[in-house]
Structures are given as structure tokens and as C-alpha cells.
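A structural walkthrough
Chain by chain, the residues:
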Amino acid sequence: MRVFKTVMKYLLAIFFILAGLNHFRSPEFYLNIMPPYLPWHGPLHLLSGLLETLFGALLLVPKYSRVAAWGIIAVLMLVFPANVHMAMHPELYPEISPVALYVRLPVQGLFILWAWWFTRPSGERLARA
């Protein structure tokens, strides 16, 4: 189980590092998905990319991995309105299937659970009912 958890930690870290860096590679996509009611689209987009990259990298540093996992959870919760906005306005994103826009919503919950796994001390087991 330890090897599996380590592999999953690396996969999550790589995903977030690449997703964060993609904010700087394709800023127009991320700026386009921001709900219009949010202020400061440019700074918020850059901050989310920076935090995703930072928390993804820190997840691999044992001393900071628990804090990084909580940071990933926070970022996922903060960007959730953008995913809801996309699902509610599929006409703004014709290149993405409307089904995919709705599937992203529960998948985000799975990412939160995945990150939460790394907030637990490594020797701790979940209590059984």
C-alpha cells in the first residue's frame, strides 16, 4: 500500500505542477473560464497557477506535503465556481462537450478526496465503523 500511495502522490503532484504551469502557457483559456462576477481576472488567474504549481511541488517535500495537500484542497474549492460557470454556460465553450463540463464537477470532488489522503499522517489508518 505504501508504494501505491507514493505513486499516487507523485501523480497528483505532477498533475498540479503541469496544470499550474499551463496557466502561464495558455492564459487565455483560464481567463475565459473565470466567472464575470469575480474581480481581478488577471491576478486571480496568475495566483491560481502559481499556487497549483507551488502546492504540487511541495507535495513531494515530506516536511511540507500535508500543508501542500491542504493547499491543493483549498485551491480546488476556490476554482470550483469557474467549473460551475462553465457547466452553466456551455455555449461559451463550444470546443468542450457539455457532458464533459458537468463531469468535471464531481471529478473535482474526487481530486479533493485524493489530496485529502495526503493530509493524513502516513501511519494513521481510518477508523472502521
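Provided above is the structure to which this section pertains.
The following refers to the structure shown.

Criteria and cut-off values
- Residues numbered from 1 in each chain as written.
- Predicted model: local features only at pLDDT ≥ 70, side-chain atom pairs only at ≥ 80, totals over all residues.
- Heavy atoms only, no water.
- Phe/Tyr/Trp six-rings, centres within 6.5 Å; stacked < 30°, edge-to-face > 60°.
- Helix = DSSP H or I, 4+ residues; strand = E, 2+ residues; numbered from the N terminus.
- Buried < 20%, exposed > 50% of the residue type's maximum accessible area, 1.4 Å probe, protein only.
- Axes fitted to C-alpha atoms, helices over the stretch in contact; angles between N-to-C directions.
- Parallel < 35°, antiparallel > 145°, perpendicular 65-115°, else oblique.
- Left-handed = near helix turned anticlockwise from the far one by under 90°.
- Contact = heavy atoms within 4.5 Å.

1. So, the packing of aromatic side chains
Tallied over the full model, the rule gives seven aromatic pairs. Taking 5.9 Å as the distance between ring centres and 45 degrees as the angle between the ring planes, the aromatic pair formed by Phe 4 and Trp 117 counts as tilted. Remark: Trp 117 occurs in helix 5 (residues 98-117) and Phe 4 occurs in helix 1 (residues 2-25); sequence separation between them is 113 residues. Trp 117 gets classed as partly exposed once you look at its relative accessible area, which sits at 21%.

2. Description of the packing of helix 1 against helix 3 (residues 41-58)
One can describe the packing of helix 1 onto helix 3 by two numbers: an axis separation of 7 Å at closest approach and a directional angle of 155 degrees. Judged by the inter-axis angle, helix 1 sits roughly antiparallel to helix 3. Here helix 1 runs over helix 3; the crossing is left-handed. Along its contact with helix 1, which presents Ala 13, Phe 16, Ile 17, Ala 19, Gly 20, Leu 21, His 23 and Phe 24, the element helix 3 presents His 45, Leu 46, Ser 48, Gly 49, Leu 50, Glu 52, Thr 53, Gly 56 and Ala 57.

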